[in-house]
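Chains, contacts and geometry: an overview
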Amino acid sequence: MKKFEREFNFYENQKNREKSKDTFFKKTEEQRIALTFDDVRLKSGYSKVMPDDVDLESKFSRNIGLKIPIVSAAMDTVTEHQMGIGMALLGGLGVIHKNMSPEEQARRVSKVKYYLNGLIDKPICVRKEQSIAEILKMKKEKEYSFNTFPVIDKKDRLVGILSKNDFDFCKSGSIKAGEAMSKEVITAPKGTKLEKAYEVMFENKKKTLPLVDKDNRLAGIYVFKDVKRIMMENPGGYNVDENGQLVAAAAIGVNDFERLELLIEKKINVVVIDTAHADTESVVQNLKEIKKKYKIDVVVGNVSEPESTKRLIKAGADGIKVGQGPGSICTTRVVAGIGSPQVSAVYKCSKIAQEYGVPVCADGGLKYSGDIPIALGEGAHCVMMGGMLSGTKEAPGDVIFREGRQWKIYRGMGSVGAMEEHKGSRERYRQSSGKKSLVAEGVEGLKPYKGGLSQVMFQYINGLRRGMGYVGAADIAELHRKADFVRISGAGKAESHPHDILITREPPNYPIGD
Ligand code: XMP
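Residues numbered from 1 in each chain as written. Predicted model: local features only at pLDDT ≥ 70, side-chain atom pairs only at ≥ 80, totals over all residues. Heavy atoms only, no water.

Quick word on the overall build of the protein chain
Rules: Secondary structure elements are taken from DSSP: a helix is a run of H or I of four residues or more, a strand is a run of E of two residues or more, and numbering for both begins at the N terminus. To get the radius of gyration, use the C-alpha atoms; to get the globule rule, take the number of residues to the power 0.38 and multiply by 2.2 Å. Relative accessibility thresholds used throughout: buried, under 20% of the residue-type maximum; exposed, over 50%; partly exposed, between the two (1.4 Å probe, protein chains only). For this analysis, residues touch if any pair of their heavy atoms sits within 4.5 Å. Each accessible area is a Shrake-Rupley estimate made with a 1.4 Å probe; only the visible protein chains count as cover when residues are assessed.
The helix and strand tally for the protein chain stands at 20 helices and 22 strands. For 514 residues, the compact-globule formula gives about 24 Å, and the C-alpha radius of gyration of the protein chain, at 26 Å, lands near that figure. Its C-alpha atoms give the protein chain principal-axis dimensions of about 85 × 65 × 55 Å. By residue count, 54% of the 514 residues in the protein chain fall in the buried class. Partitioning the intrachain contacts of the protein chain with sequence separation of at least 6 by distance along the chain shows that 66% fall at a separation of at least 24. Carbon and sulfur atoms make up 51% of the accessible area of the protein chain, which amounts to about 25100 Å² in all.

Listed below in structure tokens is the structure:
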């Protein structure tokens, strides 16, 4: 066989591509060189994959899936409930920050969870003995906008449903709910999933479907209008849990049990132990305790070394967040002198996490959509973005007008402002509250206002799709296997960007002077 053919066949084989990637990173490691996004590019390869056909499903943690591999950062200028809702509607996930009281954070998580009203697990019920007048008074006082109430008896068993028709055709307010209600109720067993509920309601032409346990006690209710919206609007596109509720995530501190319990009560899907350095005795102990006591997926971060990754996985981590100092607002690398450039850190940590089947989230340092396939190609299952999602309508904070432009504030969680204002930030950077001066590990600044999240994400998602198309990867697993890298020089980087031109129209996916 000729040399060329041998080489051709070598690269056609996915296993050899993976080996080639390992050799590439091994060689840099041997020379103690660590690389980041601007140092590398993915090799393109033979492709049968059209970008629009790429499957972007992935994971944030062992049990929490993503329809698109993008997660918004747990930062007070990036993710509160608006971003959490926006990200989950697009198939991703938002991690609600912890620079607020546990009650406030739990309230925001609830807003995400109940945005779609998939399964209403604690519906407002009325008692059989209550009069219609009493119920209407309560409805007015509490400003309930809905008209359907399950009716229960003294033993909390479901006996009927009161709906708009029953109110409309009720002759007197003194009539009891037990008389006015419809008694012929179609129910489904506790635990019935959204799709099945839709089927049952459709077949029986029922607008509501109460779920009951074996003793006929109410265990939740589905409302057809909401279920239909979830099923029809964006079939398969929302990131919803098995009850049809948006998937929600929130950050917690170390030994933050009060917060954790409130979040669990609000049906949080996954929590993130959010620290600047997760490979510490206190985080490891805390993680073990949480995994022993509660049934919840825990993602832990941040780390940048494989030994740290392994230690946290052994302590029970369901997902690892990698990134120490790559962020656009971070000064940790220059203040403390630590940290590994992100591409090498993500590769090393993903390699070890892969052995345990634990997903890695590449957190921080992304500047362009092309950085997403690079991070995933190294072995990460998703990326976390702060800067790239800041400045959107869904990010917290008002739009500011300055120098004829619209801006939003974006700041590091270790910035002086964030640490002065919030205990959550001080704890993330292990700084005691009593201290007069703080040692900042981040900066505060402005980002151009970008408009709605969906337009911004459209560019990121499609940039990723294009990258996967060039590599010939039909899904994330194939990208892991097929991705191979070249190192580029300064000249290579300059060539990669537009050059020798005065750009007269800023493209939506290539910010100029951001
Ligand atoms: P990007 O590059 O997306 O990075 O803006 C967001 C990530 O940066 C981390 N982060 C910080 N790191 N000092 C740091 O060293 C800080 O003040 C700071 N604030 C956030 C965090 O992991 C986030 O997801």
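As for the domain arrangement of the protein chain
Applied cut-off: By convention here, the domain bounds are inherited from an automatic or database domain assignment. Two parts placed together each lose some accessible area; with a 1.4 Å probe, that loss summed over both constitutes the buried area. The term salt bridge refers to a side-chain nitrogen of Lys or Arg lying within 4 Å of a carboxyl oxygen of Asp or Glu. We define a polar contact as two N or O atoms separated by no more than 3.5 Å, with the added condition that, inside protein, one atom must be a possible hydrogen donor and the other a possible acceptor, whereas residues neighbouring each other in sequence contribute only through side-chain atom pairs. Note that Gly is not counted as nonpolar here; it falls among the polar residues with everything else outside the nonpolar set of Ala, Val, Leu, Ile, Met, Phe, Trp, Tyr, Cys and Pro and the charged set of Asp, Glu, Lys and Arg.
Taken domain by domain, the protein chain consists of domain 1 (34–38 + 57–115 + 239–496) and domain 2 (120–223). Contacts between domain 1 and domain 2 engage five residues on the former and four residues on the latter. Regarding the contact of domain 1 and domain 2, the summed buried area is about 460 Å², with carbon and sulfur atoms giving 40% of it. The largest per-residue losses of area from domain 1 upon contact with domain 2 belong to Tyr114, Glu242 and Asn243, which jointly make up 66% of the total buried on that side. At the boundary of domain 1 and domain 2, one finds two salt bridges. The partner of Asp121 in a salt bridge is Lys267, with the nearest N and O atoms 3.1 Å apart. Summed over the shared surface of domain 1 and domain 2, the number is two residue pairs in polar contact (both at pLDDT 80 or more). A class-by-class count of the residues in the side of domain 1 that touches domain 2 yields one nonpolar, two polar and two charged.

Considering the pairing of strand β9 (residues 158–162)
Spelled out, the test is: Two strands are counted as paired when DSSP detects at least two bridges linking them.
Among the five residues of β9, four are classified as buried, and the element is accordingly described as predominantly covered. Both strand β8 (residues 149–152) and β9 contribute to a ladder of four bridges, which runs antiparallel. Looking across to β9, one finds that Val151 is bridged to Gly160. If you look at the hairpin formed by β8 and β9, you'll find five residues sitting between the two strands, and Asp156 has a positive phi there, around 65 degrees.

Points about the sheet that holds strand β7 (residues 126–127)
Selection criterion: Axes here refer to lines fitted to C-alpha atoms; in helices the fit is confined to the stretch in contact. Angles between the N-to-C directions go from 0 to 180 degrees.
Taken in spatial order, the three strands line up as β7-β8-β9 in an open sheet, and their pairing is mixed. At either margin of the open sheet sits one strand with a lone partner, and together these are β7 and β9. In the packing of helix α5 (residues 132–141) onto the sheet, the strands contacted are β7, β8 and β9, and the crossing angle to β8 comes to about 135 degrees.

Let's talk about unusual backbone geometry
Omega for the bond connecting Gly301 with Asn302 falls within 30 degrees of zero, at 5 degrees, which places this linkage in the cis form. Here Arg32, not a glycine, exhibits a phi torsion of approximately 60 degrees, which is positive. Structurally, the position occupied by Arg32 is in the loop between α2 (14–30) and β1 (40–42). Accessibility expressed as a relative area gives 79% for Arg32, which makes it exposed. Even without a glycine there, the phi angle at Arg430 is positive, about 50 degrees. Tracing the sequence through the fold places Arg430 in the loop between α17 (423–428) and β21 (444–448).

A few points about the pattern of salt bridges
Inspection of the entire model under this criterion finds 32 salt bridges. Across the salt bridge formed by Lys196 and Glu199, the nearest N and O atoms sit 3.6 Å from each other. Highlighted residues: Lys196 and Glu199, both in helix α8 (residues 194–204), separated by three residues, approximately one helical turn. On the basis of relative accessibility, which here comes to 45%, the residue Lys196 falls in the partly exposed class. In this structure, a network of salt bridges that share partners links the residues Glu80, Glu104, Arg107 and Arg108.

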